[in-house]
Amino acid sequence: MRIEQIELRRIELPFVAPFETSGWREEANHSVLVRLFAQGAEGWGEAPVGVGPWYNEETSATAWVMLREILAPLILQVDLDGPEGVEAAFARVRANRMARSGIEFAAWDLFGRLRGQSLTSMLGGTRMSVDVGVSVGVQSSIEALLEVVGAYVAAGYQRVKLKIKPGWDIEPTRAIRERWPDLRLQVDANSIYTLADAAHLAQLDAFNLLLIEQPLAHDDIFDHAKLQPQLRTPICLDESIVSPEHARWALEMGACGVINIKPSRVGGLTAARQIHDMAQAAGVPVWCGGMLETGIGRAANVALASLPNFSLPGDISASERYFKRDIVTNPFRLNPDSTLSVPTGPGSGAEVDMEYLEHVTVEKVIIG
Ligand SMILES: CSCC[C@@H](NC(=O)CCC(=O)O)C(=O)O
Ligand SMILES: [Mg+2]
């Protein structure tokens, strides 16, 4: 099947509150959205890039150019038998995986809608609902942190992730653990530490954490393998795992005990499923990370998280955690058991709110 036309949109959708990591701050969703048209149907995908190259090398500007100049023209030339064909079509494209994933997600959605098949069933999902948690940014004080976490726990979240950095790590984590002794708790450093901090990080072992996410460099696996034996708590890799090959290296080197799979980080759902399968074969649990996506990217994450080895709660919070109003007419809501329900309609199940999307679109182009 040939894609007949492609619509790209850059959006600006403000968050209900700024989101601060160990190294930068996000105020709004700056994703590039992809809409594919074929045989009277359409599929939507989200490249969840930020405004700066702080999480990975991509930005909304790089993804916009890459999609408009290279990826969209390329995929219009390809005969697709199914969504897995997109990964193969982009095999010679280096990096730029979030941009690539925008088209790849849209192809999965498009084929699902054409076939009348849900994304979860196309991927091999086995769950009707997926365990989720909430990621909490760096706060101005421990009192503020207790208030923010208290509100999320009251809202029903049963797993909390804290962003940490030097000077905001041991004490905030201790405060949350002491206030909620049984809460499922984990931390994410976004690559701010070095091997020299091993003894400092080992203090986190006292707090019965599920995992310590990406303590070392964003493109490192080797030093994480040297750090893991110095910690009792499992290391979880996020930024370091950009492909199935990286996952194999990490698993063979014992660099992590858990993997955070973000389909956008690895170029799409095809690679994400491969990593899921490799980790499952190695007896390593995975969970679905988040990039502050709109309901379009969120639907892809929820479908992926329905696969059997996603055994830890994901960073796939309800839409209202991020946006006052989402760009879909069916935003995800948190179930009382800290889960999101997996859409069962054709494709991703996301229904785009075109009127509001128009309102938050800062740039649009049609290709083909
Ligand atoms: C801009 S922060 C995005 C990357 C970060 N994501 C989260 O912390 C989860 C954000 C979300 O709830 O989508 C991570 O490193 O895991
Ligand atoms: Mg992370």
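The rules we used
Residues numbered from 1 in each chain as written. Chains lettered and ligands numbered in written order. Predicted model: local features only at pLDDT ≥ 70, side-chain atom pairs only at ≥ 80, totals over all residues. Heavy atoms only, no water. Donors = N, O, S within 2.8 Å, 3.2 Å for Na, K, Ca; no water. Helix = DSSP H or I, 4+ residues; strand = E, 2+ residues; numbered from the N terminus. Buried < 20%, exposed > 50% of the residue type's maximum accessible area, 1.4 Å probe, protein only. Arc of directions from axis to C-beta. Contact = heavy atoms within 4.5 Å. UniProt positions renumbered as here; feature names shortened; annotations may be inferred. Axes fitted to C-alpha atoms, helices over the stretch in contact; angles between N-to-C directions. Parallel < 35°, antiparallel > 145°, perpendicular 65-115°, else oblique. Left-handed = near helix turned anticlockwise from the far one by under 90°. Domains from an automatic or database assignment. Buried area = accessible area lost by both parts, 1.4 Å probe. Salt bridge = Lys/Arg side-chain N within 4 Å of Asp/Glu carboxyl O. Polar contact = N/O pair within 3.5 Å; in protein donor to acceptor, adjacent residues only side chain to side chain.

Draft legend 1. Highlighting the coordination of the magnesium ion (ligand 2). Protein coordination of the magnesium ion (ligand 2) is provided by Asp188 (OD), Glu213 (OE) and Asp238 (OD), with donor distances spanning 2.1 to 2.3 Å. Motif for the magnesium ion (ligand 2), donor spacing along one chain: D-x24-E-x24-D. Here glutamate 213 lies in strand 10 (residues 212-213) and aspartate 188 lies in strand 9 (residues 184-188), a separation of 25 residues in the sequence. Owing to a relative accessible area of 0%, aspartate 188 belongs among the buried residues under this scheme. In this structure glutamate 213 comes out as buried when scored by relative accessible area, which is 0%.

Draft legend 2. Broad picture of helix 9 (residues 244-253). Residues of helix 9 that are buried: Pro244, His246, Ala247 and Ala250. Buried residues of helix 9 fall within an arc of 155° about the axis and therefore sit on the same side. Against the buried residues of helix 9 lie strand 11 (235-237), strand 12 (258-261) and helix 10 (269-281). Count one or two residues on from helix 9 and you reach glycine 254, which has phi positive near 65°.

Draft legend 3. Quick peek at the UniProt feature "domain: Mandelate racemase/muconate lactonizing enzyme C-terminal" (unreviewed entry) in the chain. Mapped onto the present numbering, the UniProt feature "domain: Mandelate racemase/muconate lactonizing enzyme C-terminal" (unreviewed entry) falls on residues 142-234. Helix and strand shares over residues 142-234 are 38% and 13% respectively, and the end C-alpha atoms of the span are 25 Å apart.

Draft legend 4. Quick look at the packing of helix 9 against helix 10. For the pair helix 9 and helix 10, interaxial distance at closest approach is 9 Å and the crossing angle is 20°. The angle between the axes of helix 9 and helix 10 places the two elements in the roughly parallel class. Between helix 9 and helix 10 the crossing geometry is right-handed. Taken together, the residues of helix 10 that come into contact with helix 9 (itself represented by Pro244, Ala247, Arg248 and Leu251) are Ala271, Gln274, Ile275, Met278 and Ala279.

Draft legend 5. Quick peek at the domain arrangement of the chain. Domain annotation for the chain reports domain 1 (5-115 + 350-367) and domain 2 (122-341). If you average the C-alpha positions of domain 1 and of domain 2, the two centres end up 23 Å apart. Taken residue by residue, the interface counts 39 residues in domain 1 and 47 residues in domain 2. In this assembly, domain 1 packs against domain 2 so that about 3,600 Å² is buried in total across both faces, 66% of it on carbon and sulfur atoms. The tally of links from domain 1 across to domain 2 stands at three salt bridges. Our count for the domain 1 to domain 2 interface comes out at 16 residue pairs in polar contact (both at pLDDT 80 or more). Secondary structure elements with two or more residues in the side of domain 1 that touches domain 2: strand 2 (13-20), strand 3 (25-29), strand 5 (41-47), helix 2 (84-89), helix 3 (97-115) and helix 12 (354-360).

Draft legend 6. View of the side chain of asparagine 260. On the secondary structure map, asparagine 260 appears in strand 12. For asparagine 260, a relative accessible area of 0% gives the class buried. A polar contact is formed between the side chain of asparagine 260 and the backbone nitrogen of glycine 289, at a distance of 3.2 Å. Every residue in contact with asparagine 260, bar those within four places of it in the chain, is listed here: Lys161, Glu213, Cys236, Leu237, Asp238, Arg265, Trp287, Cys288 and Gly289.

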